[in-house]
Structure formats: structure tokens, C-alpha cells
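Reading the structure
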Amino acid sequence: MNHAKRHRKDFMIRIGIGIVSSIGLFVLIAIFAFVFQKGSSLLSWQLLTGDYYSTTYDSYYDGTLPSAGFERPSSLDDSVYYSSVWGIGLQDDLDAEGKPYILIVYVDPNSPLTSLPDKNTEGETVQIASGQTLGKVIFSNRTIVLTSNGAQSAIQLFDGADGILDLLTTTRGKGIRGSIITTLYLIGLTLVIALPIGVFSAVYLHEYAPKNSKLAEALRRLVEMLTGVPSIIFGLLGAAVFIPFTSTITAADGGNLFSGALTLAVIVLPVIISSTEESLKVIPDEYRQASLALGATKTQTTFRVVLKAAIPGILSAVLLSVGRIIGESAALIYAVGTAIKDHIILTERSTSLAVHIWSIMAGETPNFELASAISIIILIVVFVLNLIVKLVARRLSRA
Amino acid sequence: MNARAVFQINDLNLHYGEKQALFDISMEIPRNQVTALIGPSGCGKSTLLRSLNRMNDLIDGCHIDGQVRYEEEDVYAKTYDVIELRTKVGMVFQKPNPFPMSIFDNVAYGPRCQGIKDKKVLADIVKKALENAALYDEVKDRLKESGNALSGGQQQRLCIARAIAMNPDVILMDEPTSALDPIATAKIEDLIQDLKKDYTIVIVTHNMQQAARISDNTAFFLMGELVEFDKTDLIFSQPRDQRTEDYITGRFG
């Protein structure tokens, strides 16, 4: 009887463990599914390379049109409506919220539309180009283009007109090029600062520090402790120390990429020190002995043999750091700022990808789709970095 | 002092922390001969070998009294340049330990550390060293491959080539064949016979037959003491000490 009871208990506990672990798995998968479902429709080359802010141009045309017109290029897709009178190709498209709009996909290089007078600024010109959105158009024959009627009707009106009283076009926005560039700058600057310091600290700890050295032990404890400190505290450090510091030595005034990189360098330093030290630990002592027995100095041994053999480990430290830099947001809100920019200047505020998400979600009209699209990009980059770290680690353990 | 002696060891006592590993060792290592150090495990033969090029310095708590004179100079004197010593006294380890770099770079490592940068000079040194180590014909077409891609025996000859590339006077070998198969061992033994024309060789070996085959002189150690040191044929034919006889006839060890 007791036997059956034990079996039943065992069965119940197994079921329980199964349920609990599937909850965990479900939550993780749900996050990915949510982000992909929300953001995947926005993923495009334009998202990666485009400006965040859209600009609206207001222009007109009162010149004459060449009677020969402009030939339709054969490269244009069948879904493109083309006006041979003006040399412009239009296409119907849907924006992130599912609303239809008319996209300019082609403008003939000789078309007068490539250089129109700007209504807003006297003497300036406006260039109508592919990638812009067609807004309201009032032709000189008093016909008006309505975006809701689609590209085909717009082209008919273009073909029937020989002058434009008012032409509104908008460059497409919501691109994240600026934040990508900021992120790349931060990765580069941070590694330039943190990598030499981290690698040399690890070399000191493992190769030069005397055994049982109090200083080395204290340094190790500090490194361990720093890995557990919430990054917002590093952000405060950035705001209190690095922003004033960089403001004095550069043209910066407030948060900038240098103060951001310094803050991030402090954050990734423990990662670099500890994983470089781990990789030095697995270098066989035979290499050091062989080198010293050949009359090499300690420094030659360290740099030509030990560090060279530790390169895979250092590389994985770099990749881990890059992952950390891409994922960091809290510290950068202070150190670099939250202003989304299209044109990145090192001494000015801008946002990294992660802070870009924060910025668009903290605004009055949160944009879930764009935030999810950026999340997908970050997830993919971090995923690829992790894969590379695994591969490098496997190669390291095999060597 | 005997002018033919490269090393002269006088009353050498060596401690690892509290434990004494060598007791009052005094001996002379003759020039251009093979001297074998034999004895059971833990008898101090490797420790003595490592005190000749001061590799014991790397071990924490190692303390030395007495003298090791190389070419008349006390290598443990405060002003003695240990880097200089190790360029003159090369070493081959028990386990083949090529660096994780190409065959060429392995052999060129020592000369490069000495500041030789000229590519032609380096190529000459590498070729000569590999030839002298009887490895050149086997690897001449793949000098750029990793040293770790070679077989164990080839790796050990690469390590010998690496030591030869420094153009040393003495080569210390710490059980160089113990990790190798009999064929690779035979090749290394042949090589040692060739090398003794140009170099003084001190070899630690577990294998008494090997000592008998390749050495001119043999020193027998037991528990940190030098029991007997003489011509190899005398040691193996008519040992003076009972303990030596017991060891070489296989009664212990």
C-alpha cells in the first residue's frame, strides 16, 4: 500500500515540475513571439538606414514640360504607375499603422521634379526623390490629388496636367540609422578605452602579481563586486564625473558619446578582466617555461606566447562586452542622453538602440511597433554574438 | 677545476620550502659529452637538471645553498644574468611543448626574442636548426603549419630544434622520450648521438637502457643524494656502491 502511495507522490511531483518549467519556457517564448509579431512588419532596409525625423517639402512648378516626355524605365515593377509626362513613378503602400499612402519610387533624372522652387524658403530648391511620400498635389488645371484615391488616380491627374500650384512631399521617418551609428561609436570608443585597461589588469593579476598578493586579491574582489552593481549607479557616475570631465576637455556641453563610452568602459571592465584572466588560466604553464628556458624575458614570454595564445579568450571577452554595450540602457540615459538624432556628433547627445526604445516608449504616443522592431534587431545581434562566443570558446577548449 | 668541465656543482643543497630535495651534490659535467642522470622517481635528478639553468627560480619556496658554476661563473650570484644563462643552456622538456604557432615561428622564437629580425637570417637559422634536429626533410613543405599538428616524436624534435636555434653550448633534456613510442624514442636517441659533437648534453632518464645506450657518463641519484658518478660503462659493469648495483640490476626503482 505504502508502495503505491510513493509512486503516486512521485508522479505528482513530476507533473508539478513539468508544469512549472513549461511556465518559464512559455514566458520566454511569449516575449519573443510578441516582439516579432509586433515589430517584424517594420523590419526593412529603410528602417536601418533611414532618418528618424520626416521632413515635409512644399513646392510648385510653373515652367514648361518637354514635349518628348520621359520614357518609362524597364526596371520598374508592374505595380508601379508611371507618368511619362512628368517622369515620376508612384506605388501604393501601407504605413506602420496600416494606413495607405502613395510612395514615390522613381523620378527621372531629367525631370523638372528633381529641382523645384521651395515655397517655404525663397531661393531654395526641393528635390523630389524616390523614397518620399506624396502628399497633397494641386495642379494648375485645378485638379487635386487625394492620397486615399491611390497611385493610379494620382498618375492620371499628373498626365493631364502641365503645371503644379502646390506639391507636398514628405521624407519617410522612423528610421534608426542615427541610433545604430551612436551604438557603433559607443562600441568602438568603449573598447578602445576598456580593452587595454582590462587586458593589462588581467595580465597583472595572473602573470605578474605575486601569489597571495593582497593587492591582487583586493582587485579580484572589486571586480567581482562591480559585476553585480546595477548599471543605473554607473549612469550616476557618468553624470557626476564623466560628463563634467568630458565637457572640460572637449567641446561637449552635457551628455555626449565620450562620457557614454567612459561610463560603459567602467561597466564592461569587470567582464574583460575576469574573462581575460580565465583565458590566461588555461594557457599551459609549459608554454611559459619553454619560453623562459629559451632565454626570453618575462615580458617577451607574456606578450609573444601567453597573450597570443589567449587571443580567443580575449576575443570572447570583447564579444561579451559588445553584447553588454548594445544592451545597456539605464546608464546611458544619463551619460549620453535620450535625444534621438539623425546626424551624430561625438560631443552631442544622442541615443543608442536600447535608449532609442526607451525614448519612443516614454513619449506621449508610445510606438510599440518601432520599439519591437528595434528589439528584434538587438535580439538578433545579441543572439549572433552569443553564438560566436560559443564557437570561440569551443575552439579555445579544443586547442 | 677540470678545464673540460662545463658545469661545476659544489655542495649544492636545495629546499622546496621545508622539504630538502638535494643533499650536498658535487659533480662536474664534462664538455661535449652526454651525461645521464638516473634514479627512481623523486630522487632529485630533475631538480638538479633545473638548477643548472635556474628554472627552479620559477617554483615558489625554492631555496638553494652551494654553488653551480657555468664556465667558471657562479650562476646563483646576485649579478648573474639568468636570461644570458638560458640562451647558452637550452632545455627540452618531458612533454613536447611546442608553442601554439607555426613550425617556423616555433624555431624562430628564441632568435627573435634576441632581437634578430632579418627574415633571411631567421630563415637560415630555422633551416639549420631543423636539419640538425633531423626534422627538416619531414616538415620543409609545411613550415607554416601549426607545430601542434606534428606527431609526438616530431614535436619533441621540433622542441630540440627550437633549443638548437639559440646556438647554445649545453642542452638539458628532462626525460625527453618518456612520452614517446619506441620508434620516436630511437630517433631522438640517434639525434642525441649526433648532437654531442657540438653540444654538451645532460639528460635525465627513467630508462636505464637508454642511459647505457646513449651516455658517456652516468650519475645515480637516490633520495636527493648523488650515490655514484662515473663513466657509463663502469657504472653499468662494475658499480662501486651496492645501492647502484641494486638499482641497475632492477632490485628496486
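Residues numbered from 1 in each chain as written. Chains lettered and ligands numbered in written order. Predicted model: local features only at pLDDT ≥ 70, side-chain atom pairs only at ≥ 80, totals over all residues. Heavy atoms only, no water.

1. Focus on the overall build of chain B
Along chain B, the regular secondary structure elements total ten helices and ten strands. Over its C-alpha atoms chain B spans a radius of gyration of 18 Å, differing by no more than 12% from the 18 Å that the globule rule assigns to 253 residues. Structurally, chain B occupies a C-alpha span of about 55 × 45 × 35 Å along its principal axes. Residues classed as buried in chain B amount to 54% of the 253 residues present. The contacts of chain B with a sequence gap of at least 6 include a subset with a gap of at least 24, amounting to 67%. Side chains of chain B give 30 positive and 37 negative charges; the mean places of these two sets differ by 6 Å. (Helix = DSSP H or I, 4+ residues; strand = E, 2+ residues; numbered from the N terminus. Rg over C-alpha atoms; globule rule 2.2 N^0.38 Å. Buried < 20%, exposed > 50% of the residue type's maximum accessible area, 1.4 Å probe, protein only. Contact = heavy atoms within 4.5 Å. Lys, Arg positive; Asp, Glu negative; His and termini not counted. Charge placed at Lys NZ, Arg CZ, Asp CG, Glu CD.)

2. Examining the interface of chain B and chain A
Interface size is often expressed as the accessible area that is lost when the parts come together. In this assembly, 26 residues from chain B lie in contact with 17 residues from chain A. When the two sides are added together, the surface that chain B and chain A hide from each other amounts to roughly 1700 Å², 63% of it contributed by carbon and sulfur. Of all residues in chain B, the largest losses of buried area upon contact with chain A belong to B:Phe99, B:Tyr109 and B:Cys113, amounting jointly to 26% of the total for that side. Between chain B and chain A we count two salt bridges in total. Among the ionic pairs, A:Glu286 bridges to B:Lys95, the shortest N-O distance being 3.8 Å. (Buried area = accessible area lost by both parts, 1.4 Å probe. Salt bridge = Lys/Arg side-chain N within 4 Å of Asp/Glu carboxyl O.)

3. Here we look at the environment of A:Ile180
Positionally, A:Ile180 belongs in helix α4 (residues 177-208). For the pair A:Ile180 and A:His356, spaced 176 residues apart in sequence, the C-alpha to C-alpha distance is 9.6 Å.

4. Focus: the nonpolar core
The nonpolar side chains of soluble globular proteins are, as a tendency, buried together. Residues and elements named next belong to chain B. Ranked by internal contacts, the top residues of the largest apolar core, which has 91 residues, are Phe-7, Met-27, Leu-37, Leu-48 and Tyr-70. With residues up to four places along the chain from it excluded, the contact list for Leu-48 reads Ile-9, Leu-12, Leu-22, Ile-25, Met-27, Leu-37 and Phe-221. If you look at the next biggest cluster of nonpolar residues, it comprises 42 residues, including Leu-158, Ala-163, Ile-201 and Ile-214. (Core = buried A, V, L, I, M, F, W, Y, C linked by side-chain atoms within 4.5 Å.)

5. Here we look at the environment of B:Glu245
Along the chain, the position of B:Glu245 falls in helix α10 (residues 242-248). Looking at B:Glu245, the relative accessible area reads 31%, which means it is partly exposed.

6. A closer look at the confidence of the model for chain B
Residue and element names in this part refer to chain B. Summing up the model confidence of chain B, the mean pLDDT is 92 and the portion of residues at 70 or higher is 98%. For chain B, per-element mean pLDDT is lowest for α10, which scores 91, and highest for strand β8 (residues 200-204), which scores 96. Taken together, the chains of this predicted complex give a pTM of 0.79 and an interface ipTM of 0.92. (pLDDT = per-residue confidence, 0-100.)

7. A word on the sheet that holds strand β4 (residues 62-70) of chain B
Backbone-to-backbone hydrogen bonds join strands into a sheet, with any given pair of strands oriented parallel or antiparallel. All names here are of chain B. Sheet architecture is open: four strands sit in the order β2-β1-β4-β5, paired in antiparallel fashion. If you trace the sheet from one side to the other, it starts and ends with β2 (19-30) and β5 (73-74), each paired once. For strand β1 (residues 5-16) and β4, the ladder comprises eight bridges, and the chain directions are antiparallel. When the bridges of β4 are listed, Ile-9 appears paired with Val-68. (Pairing = 2+ DSSP bridges.)

8. Things to note about the domain arrangement of chain A
Annotation of chain A at the domain level lists domain 1 (55-170) and domain 2 (177-398). The centre of domain 1 of chain A, based on its C-alpha atoms, is set 48 Å off from the matching centre of domain 2 of chain A. (Domains from an automatic or database assignment.)

9. Some remarks on the packing of aromatic side chains
For the structure on display, the rule yields eleven aromatic pairs over all chains. With a centroid separation of 5.0 Å and 90° between ring planes, the pair formed by A:Tyr52 and A:Tyr53 is classed as edge-to-face. Judged by relative accessible area, which is 11%, A:Tyr52 ranks as buried. On the accessibility criterion, A:Tyr53 (44% relative accessible area) is partly exposed. Here the aromatic rings of A:Trp86 and A:Phe158 are separated by 6.1 Å at their centres, their planes lie at 75°, and the arrangement is edge-to-face. In this pair, A:Trp86 is assigned in the loop between β2 (81-83) and β3 (88-94) and A:Phe158 in helix α3 (residues 150-159), connecting sequence segments 72 residues apart. Taken individually, A:Trp86 and A:Phe158 each receive the classification buried, so the pair is uniform in this respect. Pairwise contacts between aromatic rings join A:Tyr61, A:Trp86, A:Phe139 and A:Phe158 into one cluster. A cation over a ring is seen here: A:Lys298 above A:Tyr208, with NZ or CZ 5.4 Å from the ring centre. The ring of B:Phe99 has B:Arg162 sitting right over it, with the charged end atom 4.5 Å from the ring centre. (Phe/Tyr/Trp six-rings, centres within 6.5 Å; stacked < 30°, edge-to-face > 60°. Lys NZ or Arg CZ within 6 Å of the ring centre and 35° of its normal.)

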